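For reference, the chains in residue letters:
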Amino acid sequence: MSFTEFRAPANHLIDTVLPVRAAMIDRGSAERMKSGMLDHVISSGKAKAMVLSQRQALVVDDTLWLGDAEPLFETLQAAGGPLTAVYLGRTLAPSSVPAQTPIVLFVPREPIAPGTAGLPADGTWTGFRDIAARLGSIDTALFVEASAISNWHATHTHCPQCGTPTGIEAGGWVRRCPRDNSEHYPRTDPAIIVTVVGSDGRLLLGGGGPVDAKNYSTLAGFVEPGESLEQAVVREIGEEVGVRVTACQYLGSQSWPFPASLMLGFTATTDDAEARPDGVEVTRARWFSRAELQAAVLAGEITISTRLSIARSLIEHWYGGVIEDLQP
Ligand SMILES: [Zn+2]
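Rules used in this analysis
Residues numbered from 1 in each chain as written. Predicted model: local features only at pLDDT ≥ 70, side-chain atom pairs only at ≥ 80, totals over all residues. Heavy atoms only, no water. Core = buried A, V, L, I, M, F, W, Y, C linked by side-chain atoms within 4.5 Å. Buried < 20%, exposed > 50% of the residue type's maximum accessible area, 1.4 Å probe, protein only. Helix = DSSP H or I, 4+ residues; strand = E, 2+ residues; numbered from the N terminus. Domains from an automatic or database assignment. Contact = heavy atoms within 4.5 Å. Donors = N, O, S within 2.8 Å, 3.2 Å for Na, K, Ca; no water. Tetrahedral: all angles 85-135°; square planar, octahedral: opposite > 155°, others 65-115°. Phe/Tyr/Trp six-rings, centres within 6.5 Å; stacked < 30°, edge-to-face > 60°. Pairing = 2+ DSSP bridges.

Residues M50, L88, L105, L142 and F143 are the most contacted members of the largest nonpolar core, which totals 38 residues. With eight residues, helix 4 (residues 137-155) is the largest single contributor of residues to this core. A domain-level breakdown of this core finds at least three residues from each of domain 1 (9-155) and domain 2 (189-319). If sequence neighbours within four positions are ignored, L88 has contacts with I25, D26, R27, M50, I103, V104, L105, L142, E145, A146 and I149. W65, A69, V104 and F106 belong to the second-largest nonpolar core, a separate cluster that totals 23 residues.

Another aspect to go through is the coordination of the zinc ion. Those protein atoms acting as donors to the zinc ion are C159 (SG), C162 (SG), C177 (SG) and D180 (OD), and they sit at 2.3 Å. Bound by four donor atoms, the zinc ion shows angles of 101 to 119° at the metal and therefore tetrahedral coordination geometry. When the donor residues of the zinc ion are listed from N- to C-terminus, their spacing reads C-x2-C-x14-C-x2-D. With C162 in the loop between helix 4 and strand 9 (167-169) and C177 in the loop between strand 10 (174-176) and strand 11 (183-184), this pair connects stretches of sequence that are 15 residues apart. Taking relative accessible area as the criterion, C177 reaches 1% and is therefore assigned buried.

Remark: the centre distance and the inter-plane angle together describe each pair of aromatic rings, the angle taken between the planes. For the coordinates displayed, the defined rule picks out eight aromatic pairs. Here F73 and F106 contribute two aromatic rings whose centre-to-centre distance is 5.3 Å and whose plane-to-plane angle is 40°, an arrangement assigned as tilted. Within this pair, whereas F73 is found in helix 2 (residues 69-80), its partner F106 is found in strand 7 (residues 102-107), the two being separated by 33 residues in sequence. Exposure class is identical for F73 and F106. Each is buried. With 6.1 Å between their ring centres and 75° between their planes, F128 and W256 make a pair best called edge-to-face. Here the residue F128 occupies a position in helix 3 (residues 128-131), and W256 occupies one in strand 16 (residues 245-256), the gap between them amounting to 128 residues. Of the two residues, F128 and W256, neither departs from the other in class, the shared state being buried.

Moving on, we come to the pairing of strand 7. With six of six residues buried, strand 7 lies mostly within the body of the structure. The alternating pattern of strand 7 places P102, V104 and F106 on one face and I103, L105 and V107 on the opposite face, and all of these are buried. Both strand 2 (residues 48-53) and strand 7 contribute to a ladder of four bridges, which runs parallel. For M50, the partnering residue across the bridge sits in strand 7 and is L105.

Printed below as a string of structure tokens:
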């Protein structure tokens, strides 16, 4: 499901910000703090488990494969050794499983061959980008949440204060150092992503890589420590394309845990008419009127971000409707 397919109830903000994406999973953030919670869920006989390893999930027929958690836990441990387990929450709508099904994430160190260790023979290890356009909304939410938390576990195995290997608590949402008792929580890196609009209403898009490449998108960059979101917008746009932002407005966000980003969408205005790409992060920048952008896409002259990304939602927010893609 694409970012733009979600629709919130009508309210006074709906004309100015992006539609709110409703949560698909009840994460049970209080429930998961209880001691032994994860063991209890796994042994309840009701929980299903998804399997993710090295950023790929096991998928069957464009659906996340979900196995019975209890037997799978045993067989995966026997086949692949220590297993990271995380409580993802309860599904809030029917999918391949009924609503309110508790879902656990198992992360073997390496992808285990389908057909072994309780895994389906017709499963394939698949990355998010390769399947996202065909996944249902529950599966998308599970894949994104699982990616975010497993990326954090993979890169935060030791205490940052003393270097001791940390243990996992709270259903997989806290790591604790056994030596100094410090607690460590999952990290998210904020990044701003921006439509820059000129005084004539045209949109500035840019791209990296070869100067003759066809792909154009919104400009984006990470927020630095000690910086507000608005300051990051002004700095990044100035650095990347030499354009001075005069005002900016927050429009909406999207989790993008590849590996750990939270994309914060803005629209910004400028009085500058000329863009000067830095030649490093941005090698091409171009202004488009609405008609020019649609025509360039349909002519195959440029490509813009897919509907998976908040970039497309931001561009269509500026456009005022759906931009037609060139049909293959
Ligand atoms: Zn420590």
